[in-house]
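# Summary of structural features
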Amino acid sequence: MDNYVISDDIYKESIQEMTDNRYVISSDILEETASLTPETISKELMESFHFSGRYWIWKMTSDYKNMEWKNMYQSGEMRIKTNGLKYLKSYTSIAAIEEAYSLLHPDRVGIKKFPPSFYAFANYLRIGDVVLVMRSGANILCWGIVESGYMYRPNQHSGKHYRKMKWFLVDIPFIYTKSIQTLYQIPKDECNGLKENLISNITINVSNKASINPLVE
């Protein structure tokens with residue numbers, strides 16, 4: 001059997017590699033670490049979120065049960081109930097949805113509230129838009145970034161109409177213009193500082209044990 005012997009040079013070099021003076025942070029890394037102030041960390045955090053600049057209010061209706069919303073939150077989806085309407089993009093206008101809605105609801109209750117919201121959900125939301133969830137009371141309890149186009153699951157009993165979302169828990173006052181619609185865009189002049197407010201509030205909820213059960217009343 002051949003004997004493999006490490007040469008003296010290689011042995012000395014390996015010993016040198018293990019000495020303490022080899023484990024030194026480079027000056028570049030040291031300078032970068034020293035520059036990480038709370039302000040720079042906050043700035044980097046803000047820049048890591050890619051918003052479109054458009055913000056929406058979603059007033060979740062009372063028929064969304066706690067477990068249903070919890071499943072939606074954990075699945076990373078935004079689902080709307082249309083009570084019998086088919087694939088929403090098959091309706092060419094809000095008026096067309098209103099007509100179909102009136103056939104399903106002869107009493108026409110909610111006809112000025114729901115059809116515009118359904119149409120907006122399918123046609124107006126864009127990837128990168130931010131949706132703020134309002135559910136009973138006067139607080140924003142959650143917000144999310146739209147991550148997909150409108151999708152439809154025709155054979156599913158519930159959750160047929162949905163979009164993929166990335167959700168974050170918050171608890172901030174509702175201070176925006178109110179609308180009869182359940183999904184509507186926030187006016188641009190009310191969006192100043194909104195991104196910073198939403199992101200800065202995430203850290204408050206990350207360590208909050210109550211966030212395990214999102215939006216449970």
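Our subject in this report is the structure included herewith. (Residues numbered from 1 in each chain as written. Predicted model: local features only at pLDDT ≥ 70, side-chain atom pairs only at ≥ 80, totals over all residues. Heavy atoms only, no water.)

On to the overall build of the chain, then. Looking only at helices and strands, the chain features seven helices and seven strands. If you sum the accessible surface of the chain, you get close to 13,600 Å²; carbon and sulfur atoms cover 55% of it. (Helix = DSSP H or I, 4+ residues; strand = E, 2+ residues; numbered from the N terminus. Areas by Shrake-Rupley, 256 points an atom, 1.4 Å probe, with all protein chains shown as cover.)

Side chains three or four residues apart in an α-helix point the same way, a direct result of the helix having 3.6 residues per turn. In terms of burial, helix H6 (residues 114-123) is a largely internal element, ten of the ten residues being buried. Elements in contact with the buried residues of H6: strand S1 (55-59), strand S2 (77-80), helix H5 (94-104), strand S6 (161-173) and strand S7 (183-185). (Buried < 20%, exposed > 50% of the residue type's maximum accessible area, 1.4 Å probe, protein only. Contact = heavy atoms within 4.5 Å.)

Nonpolar side chains tend toward joint burial in soluble globular proteins. Trp58, Met78 and Leu88 are the most contacted members of the largest nonpolar core, which has 31 residues in total. Every element with two or more residues in this core is listed here: S1, helix H4 (66-75), S2, H5, H6, strand S3 (130-134), strand S4 (139-146) and S6. In terms of residues, this core owes the most to one element, H6, which gives six residues. Ignoring anything within four residues of it in the chain, the contact list for Leu88 reads Ile80, Thr82, Phe118, Phe121, Ala122, Tyr150 and His161. (Core = buried A, V, L, I, M, F, W, Y, C linked by side-chain atoms within 4.5 Å.)

Glancing now at the pairing of S2. Side chains Glu77 and Arg79 of S2 all project onto a buried face; the interleaved residues Met78 and Ile80 project onto the opposite face, where all are buried too. Across four bridges, the pairing between S2 and S6 is antiparallel. In the sheet register, Ile80 faces S6, and the bridge partner there is His161. (Pairing = 2+ DSSP bridges.)

Let us look at the pattern of salt bridges. If you walk through the whole model with that rule in mind, you get six salt bridges. Lys81 is the salt-bridge partner of Glu68, the closest N and O atoms lying 3.3 Å from each other. Of this pair, Glu68 sits in helix H4 while Lys81 sits in the loop between S2 and H5; the two residues are 13 residues apart in sequence, bridging distant segments of the chain. According to the relative accessible area criterion, Glu68 is partly exposed, its value standing at 23%. With a relative accessible area of 29%, Lys81 lands in the partly exposed category. Residues joined by salt bridges that share partners form a network here, namely Glu77, Arg79, Arg153 and Lys164. (Salt bridge = Lys/Arg side-chain N within 4 Å of Asp/Glu carboxyl O.)

Moving on, we get to the side chain of Arg163. With respect to the helices and strands, the residue Arg163 is situated in strand S6. Buried charge without a salt bridge: Arg163, with Asp129 as the nearest opposite-charge side chain at an N-O distance of 7.4 Å. Within polar-contact distance, the side chain of Arg163 engages the backbone oxygen of Ala122 at 3.4 Å. Once you skip the residues sitting within four places of it in the chain, Arg163 turns out to touch Gly76, Glu77, Met78, Phe121, Ala122, Asn123, Leu125, Val146, Ser148, Gly149 and Tyr150. (Lys, Arg positive; Asp, Glu negative; His and termini not counted. Polar contact = N/O pair within 3.5 Å; in protein donor to acceptor, adjacent residues only side chain to side chain.)

As a packed pair, H5 and H6 sit with axes 9 Å apart at the nearest point and diverge in direction by 125°. The angle between H5 and H6 places the two elements in the oblique class. Here the hand of the crossing between H5 and H6 comes out right-handed. From H5, Ile94, Ile97, Glu98 and Tyr101 reach across to H6, where they touch Phe114, Pro115, Pro116, Phe118 and Tyr119. Of the residues assigned to the contact of H5 with H6, the class counts are eight nonpolar, no polar and one charged. (Axes fitted to C-alpha atoms, helices over the stretch in contact; angles between N-to-C directions. Parallel < 35°, antiparallel > 145°, perpendicular 65-115°, else oblique. Left-handed = near helix turned anticlockwise from the far one by under 90°. Nonpolar A, V, L, I, M, F, W, Y, C, P; charged D, E, K, R; others polar.)

It is worth spelling out the packing of aromatic side chains at this point. For the coordinates displayed, the defined rule picks out 13 aromatic pairs. Ring centres of Trp58 and Trp69 lie 6.3 Å apart, and the angle between their planes is 65°; this geometry places the pair in the edge-to-face category. One end of the pair, Trp58, is in strand S1; the other, Trp69, is in helix H4, with eleven residues separating them in the sequence. Neither residue differs from the other here; Trp58 and Trp69 are each classed as buried. Seen from their ring centres, Tyr119 and Tyr124 are 5.4 Å apart, and the 80° between their planes marks the pair as edge-to-face. (Phe/Tyr/Trp six-rings, centres within 6.5 Å; stacked < 30°, edge-to-face > 60°.)

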